[in-house]
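# Secondary and tertiary structure notes
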Amino acid sequence: MIPRRSFLAGLASVGAMSLTGCDAQPPTYGSLLRTADLLTYNAQRLLIPRTLLAPEFDVADISSFPAIGTTDPGNPHRSDYNAEQGPIFDRHRRAGFADWRLRIEGAVARPADLSLDALRRLPRRTQITRHICEEGWSAIGQWSGVPLHELLKLTGASPTARYVYFYSYDNLVDCIDMVDAFHPQTILSYGFNGSDLPIAHGAPVRLRLERQVGYRSMKFVRKVVVTEQFDDFRRKGWVRGWSWYAGI
Amino acid sequence: MLPDEKRDLSKSHAGKMMAGSMEAVAIAERRPAWIRWTHWLIVGSVITAMISGITIFVAHPRLYWGQAGNGLIEPWVELPIGPNYGFSPWEDHRAFAIRPDAITASRTAEPFNQNAWARSLHFLAAWVFVLALLAYLGTALFTRHIARKMVPSRAELRWAAIRADIVDHLRLRVVAGHGASYGLLQKASYLVILLVVLPLMVLTGFNMSPALAALIHPIDLGLQTARTIHFLCFAVLILFVIVHVAMVVLTGFRRQMRSMITGR
């Protein structure tokens, strides 16, 4: 009997090759649903110019904005509390994130530990964009932060790098490809609607990924790792089953 | 919604074969393969899209107009469907200094949400649907199928004719094989579904994609407006499917199904 899983994975890679060649694919797809996600990924990468901006709005368009998912990684009474990272986050929060550092490592020439002040001194981008949640709701908010490509330049990311991974204080792992990593609107945001980023919205720093659905914009980022490999973390934990690419 | 059935013996092989028979009934024109294939591909993908679409919708059964709509914004309508109806577990409300009439609040519980598989299944169905619809509309326009079979003649658009067709339908006095062409209401419903509802479904679907938003910004309806129209199209489509299937049953289920499957 032909294992169904590998047959469908094969189908997925055929679909991938027919569109963009087989070298640039996240090898994470083993079902019919993932095949369609991969087709969408390839089609959108093919059709949409790499640096084309997501729509931006005016201050008058800013709307009410829910905070969902993890709204406090330092609260041990919540079900999403992580015993390893939670206490660390709580300590940083009590100190006003003064000793907090963003770790950048992996396929970079100069790994770095950047403080919030160091991030604020780097070139800043402010954008008023639409947050589109997979649940069906949307909100408009203003985000300020350092473009990810500035951090990649600063740390000397390898030209052969293919993915940028993010690790959070609520113990999530996610990654984006280099098209998204170098997109001008992909920022690590420390400001929201003119103030410091609130805890509920992912303090001290969260990712903004404006051309994908909201769940890809990770909150509470603690570490950035540049890699040449794709690790299929989505088979584990709560993220299991959610499409890696969510441009639709 | 009758399929056309031409009874033209002169052109029919079957007619010649049954020449000795007393009931020389023959169907001259087979339903072409491209109609049958696209019809069933659209049926399969639309059913899949409806099941996954309802699953996605009940995660947030509220509809809004404009760009922004969420649990902290008054909806246009909230449908009393599913476990998330009336779901409003918010705490810690704060206004934004930059725009004090906009607020934030933290959600204290997780809603019912099966969108991991439902979204992926919805877009799998959407791929099949869009390709089948393009194939259908392309062929139907190129072969003048729509112009010949669905655009009403001037005579049909007289008030008396319209009224007669409505009265026939209301009395369920719609018989199969009464002529070579579709009825007026049938033509109108096919035209509205094929040229308005289904394309609008696709366009409003595209309008909700954050990646495509960069491309279609100039014709952006507003994200929540697009979602609401997407839902209203679904409601019209459900109505159409009910009436369509009812008409198939009323006009001879076995014969109609055979015609749409084998063409005869």
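Predicted model only: the values in this text are computed from it and were never measured. (Residues numbered from 1 in each chain as written. Chains lettered and ligands numbered in written order. Predicted model: local features only at pLDDT ≥ 70, side-chain atom pairs only at ≥ 80, totals over all residues. Heavy atoms only, no water.)

This next bit is on the overall build of chain A. Helix and strand counts for chain A come out as six helices and 11 strands. When burial is assessed residue by residue, chain A has 59% of its 248 residues classed as buried. Accessible surface computed for chain A: about 10,200 Å², of which carbon and sulfur atoms make up 56%. (Helix = DSSP H or I, 4+ residues; strand = E, 2+ residues; numbered from the N terminus. Buried < 20%, exposed > 50% of the residue type's maximum accessible area, 1.4 Å probe, protein only. Areas by Shrake-Rupley, 256 points an atom, 1.4 Å probe, with all protein chains shown as cover.)

Here we come to the sheet that holds strand β3 (residues 90-96) of chain B. The strands making up a sheet associate through backbone hydrogen bonding, with each pair oriented either parallel or antiparallel. The three strands lie next to each other as β1(A)-β4(B)-β3(B), forming an open sheet whose pairing is mixed. What marks the edges here is a single partner per strand, and that holds for β1 (65-67) of chain A together with β3 of chain B. This sheet shows a mean twist of 25° between the axes of neighbouring strands, independent of strand direction. Pairing of β3 of chain B with strand β4 (residues 99-107) of chain B, which is carried by five bridges, proceeds in the antiparallel orientation. Bridging from a neighbouring strand, W90 of chain B pairs with R107 of chain B of β4 of chain B. (Pairing = 2+ DSSP bridges. Axes fitted to C-alpha atoms, helices over the stretch in contact; angles between N-to-C directions.)

Quick look at the environment of G214 of chain A now. All names here are of chain A. Relative to the helices and strands, G214 is located in the loop between β10 (206-208) and β11 (221-227). For G214, a relative accessible area of 10% puts it in the buried group. When residues no more than four places from it in sequence are discounted, the contact partners of G214 are H131, I132 and C133. (Contact = heavy atoms within 4.5 Å.)

Let's shift gears to empty space enclosed by the protein. All names here are of chain B. One pass over the structure, following the stated rule, counts five cavities of 30 Å³ or more. The volume enclosed by the largest cavity comes to roughly 150 Å³. If you go around the largest cavity, you meet 15 residues; those closest to its centre are H60, R62, G71, F87 and R107. Partitioned by chemical class, the residues of the lining of the largest cavity number eight nonpolar, three polar and four charged. (1 Å grid on protein atoms, 1.4 Å probe; cavity = no way out; pocket = protein on both sides within 12 Å on 5 of 7 lines; lining within 4 Å. Points joined across faces, edges and corners; volume = space filled by probe spheres on them. Nonpolar A, V, L, I, M, F, W, Y, C, P; charged D, E, K, R; others polar.)

To continue, consider the sheet that holds strand β3 (residues 112-114) of chain A. Residue and element names in this part refer to chain A. Read from one edge to the other, the open sheet built from five strands follows the order β3-β2-β11-β6-β7, with strand pairing classed as mixed. The open sheet is flanked by β3 and β7 (173-177), the only strands paired with a single partner. Sheet twist, expressed as the mean angle between neighbouring strand axes with direction ignored, is 20°. Relative to β11, strand β6 (residues 163-168) is paired through six bridges, and the arrangement is antiparallel. When the bridges of β11 are listed, F166 appears paired with V224.

Take the pattern of salt bridges next. Residues and elements named next belong to chain A. One pass over the full model with this rule turns up 23 salt bridges over all chains. R78 is the partner of D80 in a salt bridge, and the nearest nitrogen-oxygen pair spans 3.1 Å. Between R208 and E210 there is a salt bridge, with its nearest N and O atoms 3.1 Å apart. The class for R208 is buried, based on a relative accessible area of 1%. Through salt bridges with shared partners, one network takes in D72, D90, R93 and R94. (Salt bridge = Lys/Arg side-chain N within 4 Å of Asp/Glu carboxyl O.)

Residues and elements named next belong to chain B. Close contact between helix α3 (residues 115-142) and helix α6 (residues 184-207) brings their axes to 11 Å; oriented N to C, the two are set at 150°. Considering their axes alone, α3 and α6 lie roughly antiparallel with respect to each other. The two elements α3 and α6 meet at a crossing, and its hand is left-handed. Seen from α3, the contacting residues are F129, V130, L133, Y136 and L137; seen from α6, they are L194, L195, L198, P199 and V202. Per-class residue counts for the contact of α3 with α6 are 10 nonpolar, no polar and no charged. (Parallel < 35°, antiparallel > 145°, perpendicular 65-115°, else oblique. Left-handed = near helix turned anticlockwise from the far one by under 90°.)

With that settled, consider the nonpolar core. Residues L102, L119, L148, L151, V164, F166 and L188 of chain A are the most contacted members of the largest nonpolar core, which totals 35 residues. For this core, the secondary structure elements donating two or more residues are β2 (102-106), β3, α4 (116-121), α5 (148-155), β6, α6 (178-181), β8 (187-192) and β11 of chain A. If near-sequence neighbours (up to four positions away) are discounted, V164 of chain A is found in contact with L148, L152, D174, C175, I176, M178, A181, V224 and V225 of chain A. Of all hydrophobic cores here, the second largest spans 29 residues; its members include L79, F129, L191 and V202 of chain B. (Core = buried A, V, L, I, M, F, W, Y, C linked by side-chain atoms within 4.5 Å.)

What follows covers the pairing of β8 of chain A. Residue and element names in this part refer to chain A. Within β8, six of the six residues are buried, leaving the element largely enclosed by the surrounding structure. Pairing analysis gives five bridges linking strand β5 (residues 138-147) to β8, with the strands arranged antiparallel. Bridging from a neighbouring strand, W143 pairs with F192 of β8. Pairing of β8 with β10 involves three bridges; the strand directions are antiparallel. Paired with I187 across the two strands is R208, which belongs to β10.

In this section: the interface of chain B and chain A. Chain B puts 46 residues into the contact, and the matching count from chain A is 55 residues. Summing the contributions of chain B and of chain A, the shared interface buries around 4,100 Å²; its carbon and sulfur component is 61%. At the junction of chain B and chain A, the tally comes to two salt bridges. One salt bridge in this structure joins R130 of chain A and D220 of chain B, with 3.3 Å as the shortest N-O distance. Where chain B packs against chain A, one counts 28 residue pairs in polar contact (both at pLDDT 80 or more). Contributing elements (two or more residues each) for the side of chain B that touches chain A: β3, β4, α3, α7 (213-216) and α8 (223-250) of chain B. Taken together, the residues of the side of chain B that touches chain A sort by class into 26 nonpolar, 13 polar and seven charged. (Buried area = accessible area lost by both parts, 1.4 Å probe. Polar contact = N/O pair within 3.5 Å; in protein donor to acceptor, adjacent residues only side chain to side chain.)

Attention shifts here to the confidence of the model for chain A. Confidence in the prediction of chain A, expressed as mean pLDDT, is 88, and 84% of residues score 70 or more. In this model residues 1-23 of chain A is a low-confidence stretch, pLDDT under 50, and it forms 25 contacts with partners more than four residues away in sequence or in other chains. (pLDDT = per-residue confidence, 0-100.)

Turning to unusual backbone geometry, a few remarks are in order. For the bond running from A203 of chain A to P204 of chain A, omega is 0°, close enough to zero to count as cis. The residue F97 of chain A is not glycine, and still its phi comes out positive at about 60°. When you line up the elements, F97 of chain A lands in the loop between α3 (85-94) and β2. A residue is classified by how much of its surface remains accessible, and F97 of chain A, at 11% relative accessible area, is buried. Phi at L172 of chain B is positive, roughly 55°, even though this residue is not glycine.

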